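Observations on the model geometry
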Amino acid sequence: MTTIAIVYHSGFGHTARVAEHVAQGAGSVPGVAAKLFKADDLTSPEQGPWAELSSADAIIFGAPTYMGSASATMKQFMDASSKVWFTQGWKDKIAGGFTNSGSWSGDKLATLTQFAILAAQHGMIWASAGMMPGNNSSKASPEDVNRVGSYIGLMTQANVDEGPDTAPPASDRRTAELYGKRIAERLCDNAPLGRPSATSRLLTAFRWEPGLSGHFQLPARSLHDSRRIDDAILRFHHAFIAFVSPRTPRIAITRVIL
Ligand SMILES: Cc1cc2nc3c(=O)[nH]c(=O)nc-3n(C[C@H](O)[C@H](O)[C@H](O)COP(=O)(O)O)c2cc1C
């Protein structure tokens, strides 16, 4: 199982709602489990579920923007992570980040920049939003995903006179789901980039009669379903015969689980 840890702080519930939607999007990818962690429980390096963070394949950081930066509780967590930094325990994990604030800008970029730098100091691999900006033309609308127009990570906006039941609105919640899903899917496709997990290590080796051999790696997503594994092998077999060896269909395929 590929795991994604989402560490967040939320003073009034808005960012917590965003965190839930990021988790929902990540968890919608087969074979991926997303788990929420409160920064409040991780403000000291000596206590809290640090081991669970270290065993996750990705960590996504989330906080409201308070006074133009990540909220103080989140910063306590960031400082406490310095103990992990000493050993580079999160190196090569995928990292992502999100922030919510009251204003459309509200200087949210500063918060996401803090998270990207945190990730860089830990040697992690940063995941951008990966979405074109919405709500930026006469034909666009606030119903668009990425209506805030962020590239570096996920930004959402919650009206300051609304509670977390309605703010941030549906388009931002959908954007949060897409961001979680993007990270989960990339983790599955490119699992060797992250910490190796059992699910990402199935290679399919092949031998070809004239003496060639090689291997291809199945996307981790297919590894949880033996029918999908067989389908993928069959597709590879057909492609090999069609494009590489049309007249020599002597190819033996062996599954290897590393
Ligand atoms: C101490 C404090 C500072 C804030 N600073 C900002 C700010 O710099 N930019 C902004 O747009 N909103 C700011 N806000 C508004 C919050 O970002 C907004 O209400 C957000 O939805 C709160 O998220 P939360 O419910 O997860 O705590 C601030 C709110 C508080 C309480």
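Values in this document were obtained by computation on a predicted structure and should not be read as measured data.

Conventions adopted
Residues numbered from 1 in each chain as written. Predicted model: local features only at pLDDT ≥ 70, side-chain atom pairs only at ≥ 80, totals over all residues. Helix = DSSP H or I, 4+ residues; strand = E, 2+ residues; numbered from the N terminus. Contact = placed C-beta atoms within 7 Å. Expected span 1.5 Å × (residues − 1). Buried ≥ 20, exposed ≤ 12 C-beta atoms within 10 Å, placed from the backbone. Near = placed C-beta within 6 Å. Core = buried A, V, L, I, M, F, W, Y, C linked by C-beta atoms within 7 Å. Pairing = 2+ DSSP bridges. Right-handed = clockwise from strand over helix to strand, strands pointing away. pLDDT = per-residue confidence, 0-100.

Moving on, we get to the overall build of the chain. From N to C terminus, the chain includes seven helices and ten strands. Expressed as a percentage of contacts within the chain between residues at least 6 apart in sequence, the contacts between residues at least 24 apart total 73%.

Right, let's get into helix 1 (residues 14-27). With 14 residues, helix 1 extends 20 Å between its outermost C-alpha atoms, agreeing within 8% with the 20 Å of an ideal straight helix rising 1.5 Å per residue. Most of helix 1 is tucked away: ten of the 14 residues are buried. Looking only at helix 1, the buried set comprises His-14, Thr-15, Arg-17, Val-18, Ala-19, His-21, Val-22, Ala-23, Gly-25 and Ala-26.

Our next topic: the environment of Arg-173. Mapped onto the fold, Arg-173 is located in helix 6 (residues 170-189). With 20 C-beta atoms packed within 10 Å, Arg-173 lands in the buried category. For the pair Arg-173 and Thr-156, spaced 17 residues apart in the sequence, the C-alpha separation amounts to 8.1 Å. The contact partners of Arg-173, leaving out residues within four places of it in the chain, are His-21 and Pro-168.

Residues in contact with the ligand amount to 19 residues; listed here are only the nearest, Gly-11, Phe-12, Thr-15, Pro-64 and Gly-106. Those elements giving two or more residues to the shell around the ligand turn out to be helix 1, strand 3 (58-66) and strand 5 (94-101). It is strand 3 that provides the largest number of residues to the shell around the ligand, a total of three residues.

Within the largest apolar cluster, 48 residues are counted, with the highest numbers of intra-cluster contacts made by Ile-4, Ile-6, Val-7, Val-22, Ile-59 and Ile-183. If near-sequence neighbours (up to four positions away) are discounted, Ile-183 is found in contact with Ile-4, Ala-26, Ala-58, Ile-60, Ile-94, Gly-96 and Ala-127.

As paired elements, strand 1 (residues 2-8) and strand 2 (residues 32-38) share seven bridges and run parallel to each other. Bridging across to strand 2, Tyr-8 finds its partner in Lys-38. Taking the sense of rotation as the criterion, the β-α-β connection linking strand 1, helix 1 and strand 2 turns out right-handed.

Next up on the list: helix 5 (residues 108-121). Given a rise of 1.5 Å per residue, 14 residues ought to cover 20 Å, and the 20 Å separating the end C-alpha atoms of helix 5 matches this to within 8%. For helix 5, the set of buried residues is Lys-108, Thr-111, Leu-112, Gln-114, Phe-115, Ala-116, Leu-118 and Ala-119. In this structure, the buried residues of helix 5 make contact with strand 3, strand 4 (69-70), helix 3 (72-80), strand 5, strand 6 (125-126) and strand 7 (154-157). A positive phi of about 70° marks Gly-123, the residue just after helix 5.

This next bit is on the confidence of the model for the chain. Considering every residue of the chain, the mean pLDDT works out to 86; 75% of them sit at 70 or more. Contacts of residues 190-202 to residues separated by more than four positions or lying in other chains number 30 contacts, the stretch itself having pLDDT below 50.

To continue, consider the environment of Gly-13. Note that Gly-13 resides in the loop between strand 1 and helix 1. With 14 C-beta atoms packed within 10 Å, Gly-13 lands in the partly exposed category. Note: C-alpha distance between Gly-13 and Ala-167 (154 residues apart in sequence) is 9.4 Å. Sequence-distant contacts of Gly-13, that is, excluding residues within four places in its chain, are made with Gly-163 and Pro-164.

A few words on the environment of Ile-6. As for its position among the elements, Ile-6 is in strand 1. A residue is classified by how many C-beta atoms lie within 10 Å of it, and Ile-6, with 25 of them, is buried.

For strand 5, the buried fraction is high: eight of the eight residues fall into the buried class. Bridge analysis of strand 3 against strand 5 gives seven bridges, and the strand direction is parallel. Across the sheet, the residue bridging to Ile-59 is Ala-95, located in strand 5. Two elements, strand 5 and strand 6, share two bridges in a ladder whose sense is parallel. Across the sheet, the residue bridging to Ile-94 is Ile-125, located in strand 6.

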